[in-house]
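For reference, the chains in residue letters:
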Amino acid sequence: MDVLPYLLHGFEVALRPDNLLYCFLGVLGGTLVGVLPGLGPQSAIVLLLPGIVYLDPVSAIIMLAGVYYGSMYGGSTTSILVNIPGEAASVVTCIDGHQMALQGRAGPALGIAAFGSFIAGTFGIALLTVAGAPIAEFALRFGPPEYFSLMCLALIVLIHLTGTSLRRGLISACAGLFLGTIGMDLVTGQPRFTLSFTVLMDGVGLIPMIMGLYGVTEVLLNIERGIQRTVVQHKIGSLLPSRQDWRESAAPIARGTLLGSVLGMLPGAGVVLASFLSYAVERKLSRHPERFGKGAIAGVAGPESANNAAAQCGFIPLLTLGIPANVATTLLLAALVLLGIQPSPMLVQSHPDLFWGTIASMYVGNVMLLVLNLPLIGIWVQVLRVPYALLFPVILLFCMLGVYMINRNVIEIWIMLGFGVIGYIMKKTAYEFAPLVLAMVIAPIFENAFRQSLILSLGSLSTFVTRPISATLLACAALLLLVPLVPQLRTVLGRLKE
Amino acid sequence: MNKPLKRLMTAIALGWLSLVTAHPALAQATYPSKPVTLVNPLPAGGGVDIALRGLAKEMQPFMGRPVLVESRAGAGGTIAGQYVAQASPDGYVMGVFQSTQAIPEIYTAFQKPPYTSADIRPVVRYMTLVYAMPSRAGAEWKTLPELIEYAKKNPNKVRWGHTIGRGHPLHLLSYSLFKKYGIKVIEVPFKGAADAITSLLGGHIDVAFGISVTAIEGHVRAGKMSILAIHNPTRLASLPDVPTFAEQGADPGVVPVYNTIFVPKATPDAIVKRIHDAVKAALETPALKEYAAKNGFELYYGSEQDALAELTRDREVSSKLVEALLKE
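Residues numbered from 1 in each chain as written. Chains lettered and ligands numbered in written order. Predicted model: local features only at pLDDT ≥ 70, side-chain atom pairs only at ≥ 80, totals over all residues. Heavy atoms only, no water.

S.K.: Sorry, what's going on with helix α6 (residues 106–139) of chain A here?
M.R.: At 3.6 residues per turn, the α-helix brings residues three or four places apart onto the same side. Residues and elements named next belong to chain A. Taking 1.5 Å per residue, 34 residues should reach 50 Å; α6 reaches only 38 Å between its end C-alpha atoms and comes up short. A bend of about 90° at Ala131 is the largest found in α6, and the proline Pro134 appears one to four places after it. In terms of burial, α6 is largely enclosed, as 24 of its 34 residues are buried. (Helix = DSSP H or I, 4+ residues; strand = E, 2+ residues; numbered from the N terminus. Expected span 1.5 Å × (residues − 1). Bend = angle between axes of the 7 residues up to and from the residue. Buried < 20%, exposed > 50% of the residue type's maximum accessible area, 1.4 Å probe, protein only.)

Take a look at the structure:
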């Protein structure tokens, strides 16, 4: 590969003082919107769009990209500290991250999230650097049947997200699948379960739901506890992960990175799915699955690496093919157009400064984020000392603001508050949120891909097994389903022999 | 209560009353006294959003106040339509609407819209976002007539992507072609243009309609797909080799997509005229012309009367197609 001279040229662009400044502003802004619950990278990029036309295109894209991957770093902060995800991809980090904080280990949790993100992010960029184009070409082979099979696999993995009670977990997942069917039917155009509410035509919004379930519910539960934070009494302990923590996190970071990279480069699969699946995989593979949900550092390291790798790899289809992988990269695409650059596979040839400059800036940005986030840990953990009576109005305010900013629709705030009440009831009856959220993310992709596949194959189900990628994914799903049965099968066979 | 006090009270009451009644006139005289907002009914970052940002910038000097673009996406634009229809009629909120939001009552096939065209008033036409029919690279056809011929000979063979649900204007264009030529294709719906583009690039579908020219121009130049036709009265300066539907004898008969500025019905004439004049002046600036050419949309001036005539034509054609679709 002769990428080195190009990359060096990219660094020449990225290390120019002005671009360094924009990169820093971008990752700083990204960290901030990541930290603020409800406020996601999308809202931030939309806010910045009118301003960027006055910038040099390279600087503008460097900054906006920084906002996006920077937000993945910040997202875990509030998950760990106050049990409210900073944005959608950090939902699962709440489960073990906040438990760690309650045990006085907020520092190591934040630390491992930052290191994991750095490692995963850098790996993602390295992939983009050396093999961006072939990877993107491969991702294009994912048609509707492949997405269907991938979602089948995800649904099987979902079972491992259910906590102590499989039954409750499945009920929660089914509710999520149902929520995912609300909205306009893609094939017939008919509204389903919208109860004549126009806002439900597009389905239940993921952000209002997450902010309701996690943010509002958490606030309600804390108020009930008499506005007393248990955390404050605990000493905060060391700020950095110990050697033991590293030993437990190394493999999850590696697996999370791989998983996130694969899912990130597929348009439509996305960062949320990556973090959830990584958590499920880690719990399945762990030698101490009982520690998950009680502050297992692997449950922070894996998902946080996965969402960063996915965010970074989302740039692969964007920069090499000119197609967006998710909402945030769609907005980056719009930014390119606004700057007078046509997104296309020719970007590498027609705008080498932009292509290589942006990639090089990501290496720089990731280092900046690490340097930025490690000293910040000491400051963030101080948040735990703020009296909750002061903290919760601010949290609620940011949740509402973030939800409103997506579509500027007040009804979505009501939806969020409604989910807050639902979440409260779920917590009181010991139902978990994670299967619900993941099922709702999977449901529409699953259903649409299934129907598109059958339309394309003229109704023949064989399309799922005759296409190699789809067949492989389905075989993996079947294996995952059958492997737990093997010991039981063996005992049954043994008994039969006797 | 003694007399002088009573008189004072009356005077205050009368003064207050006159202020209240004088308020609309006062408002009109000073309009605009604060920033005005262009509401984009489609998601931020899309073609309409980009086109509106250009207008906002060039309109600002003629309005004398900042012009903001606000995306209120949702339910295919109905949410933004309702927002504008129910806004206070003072000219500070205007929507830039396409057929679905302009005449929502004809797209009632599945859900009753929360407002009708009687609640809004067109002010001035702004532009037409040119939509294209791309075809995957290496297809068996090179032109639209060839595609139609192929589809006639091979029913249920061509995989035809839609970027929007059934019964929406962009779907109606494809539908009217199917009806006109009696062709049968495999209709694959997608959630938005990006998914359809990805599927075209991956070769999972053969053609698609409802993708703005800007979104695929780069892919066409890179040879990854070709454009069979654009839905515009004339060819585009940026793509002089790409023919229109009509010149290939395959006019689908539906009105090309228009983006017209609307305000609430009760907005006073003086304010409507003020907005109209500012947009018209902006449309004549070289800066906006250049911006439009670069971003794949055609400036398309038309007065309120022009817009109303267009709406009537659109209503006739589209409502017939929706009816036919519902009978299927």
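The structure having been displayed, the exposition proceeds.
S.K.: It is not clear to me how the domain arrangement of chain B should be interpreted in this structure. Could you clarify?
M.R.: Where interface size is quoted, it is often the accessible area lost as the parts come together. Residue and element names in this part refer to chain B. Domain annotation of chain B identifies domain 1 (34–129 + 257–327) and domain 2 (131–248). Using only C-alpha atoms to locate each centre, domain 1 and domain 2 end up separated by 26 Å. With 17 residues of domain 1 at the interface, the matching set in domain 2 holds 18 residues. Carbon and sulfur atoms make up 65% of the area that domain 1 and domain 2 hide from each other, which totals about 1500 Å². Summed over the three residues of domain 1 that lose the most area to domain 2, namely Leu129, Leu321 and Leu325, the buried surface amounts to 36% of that side. Scanning the region where domain 1 abuts domain 2 turns up zero salt bridges. (Domains from an automatic or database assignment. Contact = heavy atoms within 4.5 Å. Buried area = accessible area lost by both parts, 1.4 Å probe. Salt bridge = Lys/Arg side-chain N within 4 Å of Asp/Glu carboxyl O.)

S.K.: Explanation requested: the sheet that holds strand β4 (residues 120–129) of chain B in the structure shown.
M.R.: Residue and element names in this part refer to chain B. With respect to topology, six strands assemble into an open sheet ordered β2-β1-β3-β11-β4-β12, the strand pairing being mixed. Here the strands that pair on one side only, and so sit at the sheet edges, are β2 (67–71) and β12 (297–302). If you compare each strand with its neighbour and ignore which way they point, the axes differ by 30° on average. Relative to β2, strand β1 (residues 36–40) is paired through five bridges, and the arrangement is parallel. Counted as the bridge partner of Asn40 is Ser71 from β2. Helix α2 (residues 47–63) rests against β1, β2, β3 (93–97), β4, β11 (259–264) and β12 of the sheet, and its axis sits at about 160° to β2. (Pairing = 2+ DSSP bridges. Axes fitted to C-alpha atoms, helices over the stretch in contact; angles between N-to-C directions.)

S.K.: Even after reading the chapter, I still don't get the pattern of salt bridges, so can you show me in this structure?
M.R.: Pairing of side chains with opposite charge becomes possible as their charged atoms draw close. Residue and element names in this part refer to chain A. What the rule picks out here adds up to 26 salt bridges over all chains. Here Lys428 and Glu224 are joined by a salt bridge, their closest N and O atoms 2.8 Å apart. With Lys428 in helix α19 (residues 410–428) and Glu224 in helix α9 (residues 206–224), this residue pair connects regions lying 204 residues apart in the sequence. Glu224 gets classed as partly exposed once you look at its relative accessible area, which sits at 43%. Linked through salt bridges whose partners overlap, the residues forming this network are Asp185, Arg192, Glu447 and Arg451.

S.K.: Help me understand the layout of surface pockets, please; the structure alone is not making it clear to me.
M.R.: Take a probe with the size of a water molecule and roll it over the atoms, and the empty space left behind shows itself. Residues and elements named next belong to chain A. One number sums up the size of the second largest pocket: a volume of about 980 Å³. Sorting the residues of the lining of the second largest pocket by element identifies α5 (93–102), α8 (166–181), α9, α10 (230–233) and α12 (270–285) as the ones contributing at least two each. When its residues are assigned to classes, the lining of the second largest pocket shows 17 nonpolar, 14 polar and nine charged. (1 Å grid on protein atoms, 1.4 Å probe; cavity = no way out; pocket = protein on both sides within 12 Å on 5 of 7 lines; lining within 4 Å. Points joined across faces, edges and corners; volume = space filled by probe spheres on them. Nonpolar A, V, L, I, M, F, W, Y, C, P; charged D, E, K, R; others polar.)

S.K.: Would you take a moment to explain the nonpolar core for this structure?
M.R.: Looking at soluble globular proteins, one finds that nonpolar side chains tend to be buried together. Of all hydrophobic cores here, the largest spans 260 residues; its most connected members are A:Phe315, B:Met59, B:Met94, B:Tyr126, B:Trp160, B:Ile261 and B:Ile275. With 15 residues, helix α4 (residues 57–82) of chain A is the largest single contributor of residues to this core. Counting the residues that make up this core, at least three belong to each of domain 1 (34–129 + 257–327) and domain 2 (131–248) of chain B. With sequence-adjacent residues up to four places away left out, A:Phe315 is seen in contact with A:Ala65, A:Tyr68, A:Tyr69, A:Leu128, A:Thr320, A:Leu332 and A:Met362. (Core = buried A, V, L, I, M, F, W, Y, C linked by side-chain atoms within 4.5 Å.)

S.K.: Explanation requested: empty space enclosed by the protein in the structure shown.
M.R.: Residues and elements named next belong to chain A. Evaluated as defined, the whole model comprises three cavities of 30 Å³ or more. Its volume calculated, the largest cavity comes out at about 80 Å³. The wall of the largest cavity is formed by Tyr73, Ser76, Thr77, Leu110, Ala113, Ala114, Ser117, Asn373, Ile377 and Trp380. Sorting the residues of the lining of the largest cavity by element identifies α4, α6 and α17 (352–382) as the ones contributing at least two each. It is α6 that provides the largest number of residues to the lining of the largest cavity, a total of four residues. Per-class residue counts for the lining of the largest cavity are six nonpolar, four polar and no charged.

S.K.: Even after reading the chapter, I still don't get the packing of α9(A) against helix α20 (residues 434–456) of chain A, so can you show me in this structure?
M.R.: Helix-helix packing is characterised by the crossing angle of the two axes and by the distance between the axes. Residue and element names in this part refer to chain A. Where α9 meets α20, the axes come as close as 11 Å, and the angle between the chain directions of the two elements is 180°. The angle between α9 and α20 places the two elements in the roughly antiparallel class. The residues of α20 that touch α9, namely those facing Leu206, Met209, Ile210, Leu213 and Tyr214, are Ala434, Leu436, Val437, Met440 and Val441. Looking at the contact of α9 with α20 residue by residue, the class counts come to 10 nonpolar, no polar and no charged. (Parallel < 35°, antiparallel > 145°, perpendicular 65-115°, else oblique.)

S.K.: Would you mind going over the interface of chain A and chain B with me for this structure?
M.R.: On the side of chain B, 47 residues touch chain A, which itself brings 50 residues to the contact. Interface area for chain A against chain B, summed over the two sides, is near 3800 Å², with a carbon-plus-sulfur share of 63%. The interface formed by chain A and chain B contains two salt bridges. Here B:Lys224 ties to A:Glu137 by a salt bridge, and the two come within 3.9 Å at their closest N and O atoms. Counting across the interface, chain A meets chain B through seven residue pairs in polar contact (both at pLDDT 80 or more). Contributions of two or more residues to the side of chain A that touches chain B are made by α3 (41–52), α15 (327–338), α18 (388–407) and α20 of chain A. If you tally residues by element for the side of chain A that touches chain B, the top one is α20(A), at five residues. (Polar contact = N/O pair within 3.5 Å; in protein donor to acceptor, adjacent residues only side chain to side chain.)

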